[in-house]
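Below, each chain spelled out in residue letters.
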Amino acid sequence: MRRVHGDRLWPGGGGEERAHPESLRGRRVAIPGALTTAALLLTIECPGAIPVETVFHRIPDAVAEGEVDAGVIIHESQLTYGEQGLVKVLDFGELWRERDSLPVPLGLDVVRRDLGAEMMRAVSDGFRASIQAALDHEREALDYALQFGRGLDLEKGRRFVRMYVNDLTLDMGQTGRAALARLYQRAVEAGALARAPEIELV
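Owing to the predicted nature of the structure, the values given are computational and were not obtained by experimental measurement.

## Thoughts on helix α4 (residues 92-100)
For α4, every residue scored as buried is listed here: F92, L95, W96 and D100. Down the axis of α4, the buried set is contained in an arc of 95°. They therefore lie on one face. Exposed and oriented more than 90 degrees from the buried face of α4 are R97 and E98. Of the residues that open α4, the one with a side-chain oxygen 2.8 Å from the backbone nitrogen of G93 is D91. Of the residues flanking the end of α4, it is S101, one or two places downstream, whose phi is positive at about 55°.

## Describing the packing of α4 against helix α9 (residues 173-189)
Orientation of α4 relative to α9, taken along the N-to-C sense of each, is 105°, at an axis distance of 13 Å. By the criterion of interaxial angle, the relationship of α4 to α9 is roughly perpendicular. In this structure, α4 uses W96, R99 and D100 to contact α9, whose residues at the interface are A179, R182, L183 and R186. Looking at the contact of α4 with α9, its residues break down into three nonpolar, no polar and four charged.

## A word on the nonpolar core
Ranked by internal contacts, the top residues of the largest apolar core, which has 21 residues, are L24, V29, L42, C46 and V72. Elements supplying a minimum of two residues to this core: β2 (28-31), α1 (37-45), β4 (70-72), α4 and α9. If you tally residues by element for this core, the top one is α1, at six residues. Among residues more than four places away in sequence, those in contact with L42 are L24, V29, I31, P47, A49, P51, V72 and F92.

## Brief notes about the pairing of β2
Consecutive side chains along a regular strand alternate between the two faces of the sheet. Sheet topology places β2 next to strand β3 (residues 50-53); four bridges connect them, and they run parallel. Looking across to β3, one finds that R28 is bridged to I50. On the question of chirality, the crossover connecting β2 to the parallel β3 by way of α1 is right-handed. In the sheet, β2 pairs with β4 via two bridges, with the strands oriented parallel. Bridge pairing in β4 places V29 opposite A70.

## Some thoughts on the packing of α1 against α4
Here α1 crosses α4 at 55°, and the two axes come no closer than 11 Å. Regarding the angle of α1 to α4, the classification is oblique. For the pair α1 and α4, the sense of crossing is left-handed. On α4, the residues touching A38, L41, L42 and E45 of α1 are F92, L95, W96 and R99. Its residues assigned to classes, the contact of α1 with α4 comprises six nonpolar, no polar and two charged.

## Thoughts on the confidence of the model for the protein
Regions with low pLDDT carry predicted coordinates that are not meant to be interpreted in detail. When pLDDT is averaged along the protein, the result is 86; 91% of the residues meet or exceed 70. Within the protein, strand β1 (residues 8-9) has the poorest average pLDDT of any element, 50, and β3 the best, 97. Low pLDDT, under 50, characterises residues 1-8; the predicted model gives this stretch 66 contacts beyond four residues in sequence or across chains.

Reading guide: rules and limits
- By convention here, each chain's residues receive numbers from 1 onward along its written sequence.
- Under the rules for a predicted model, residues below a pLDDT of 70 receive no local features and side-chain atom pairs below 80 are neither given nor counted, while totals for whole chains, interfaces and linings still include all residues.
- Computation of side-chain values covers all heavy atoms of the structure but excludes hydrogens and water.
- Under the scheme applied here, a residue whose accessible area is under 20% of the maximum for its type counts as buried, over 50% as exposed, and between as partly exposed, the area being computed with a 1.4 Å probe on protein chains only.
- Here a strand is any run of E in DSSP of at least two residues, a helix any run of H or I of at least four, and the numbering for each starts at the N terminus.
- When we speak of the arc, we mean the arc of directions from the helix axis to the C-beta atoms.
- Whenever two N or O atoms come within 3.5 Å, that pair is a polar contact, provided that in protein one can donate a hydrogen and the other can accept it, and provided that, for residues adjacent in sequence, both atoms are side-chain atoms.
- Helix axes are fitted to C-alpha atoms over the stretch in contact, other axes to C-alpha atoms as well, and angles between N-to-C directions run from 0 to 180 degrees.
- For classification purposes, angles smaller than 35 degrees are called roughly parallel, those larger than 145 roughly antiparallel, those between 65 and 115 roughly perpendicular, and all remaining angles oblique.
- The contact definition used throughout considers only heavy atoms, calling two residues in contact when any of these lie within 4.5 Å.
- Put simply, Ala, Val, Leu, Ile, Met, Phe, Trp, Tyr, Cys and Pro go in the nonpolar bin, Asp, Glu, Lys and Arg in the charged bin, and everything else, Gly too, in the polar bin.
- Put simply, buried Ala, Val, Leu, Ile, Met, Phe, Trp, Tyr and Cys residues joined by side-chain atoms within 4.5 Å make one nonpolar core.
- When DSSP locates at least two bridges between a pair of strands, those strands are taken to pair.
- The handedness rule is simple: strands pointing away from the viewer, and a clockwise path from the first strand over the helix to the second, make the crossover right-handed.
- Take the far helix as the reference: if the near one is turned anticlockwise from it by less than a right angle, the crossing is left-handed, and if turned clockwise, right-handed.
- Here pLDDT means the predictor's own confidence in every residue, given as a number from 0 to 100.

Pasting the structure below:
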């Protein structure tokens, strides 16, 4: 078998199935880098899996070709893995939503404290304005972004962007704060972090 994180993969025969996290104990699982949320989630949710660092866009191929037993996929591969005969058996986002009623926190923009409060706020405001402008002009933003996409048509591009850009992108609010706290709590409990980092939200 081989399978798929949103998703997680293995190439498999047969329809989609939900795997128990224990099924990856002792298995080689491709991750897109040691210091990624994907790797952290694998450690938290699938104890005993053996992470194998793999360039993110090669993970589906690595799974399909049997170089690894499974893979944590990110970016466009979450929409295209089925084209390679791979099936999703566990989706970390779905798991968190069903179990915790929280989103998986993916990606934070970080600004140095030594720039001072005024510059930090200006950076935050600039990011927010840029995101809002893209949301307000979605088609133009998609046309631009798809120049750099890997094999996505307009509809898949729109679906992909909406997976990651939403109201929480503009303001994480209490939901985002709770999700971050839960992620770091679980990381400490799993032994992936010695202690939760202190984050000052701007």
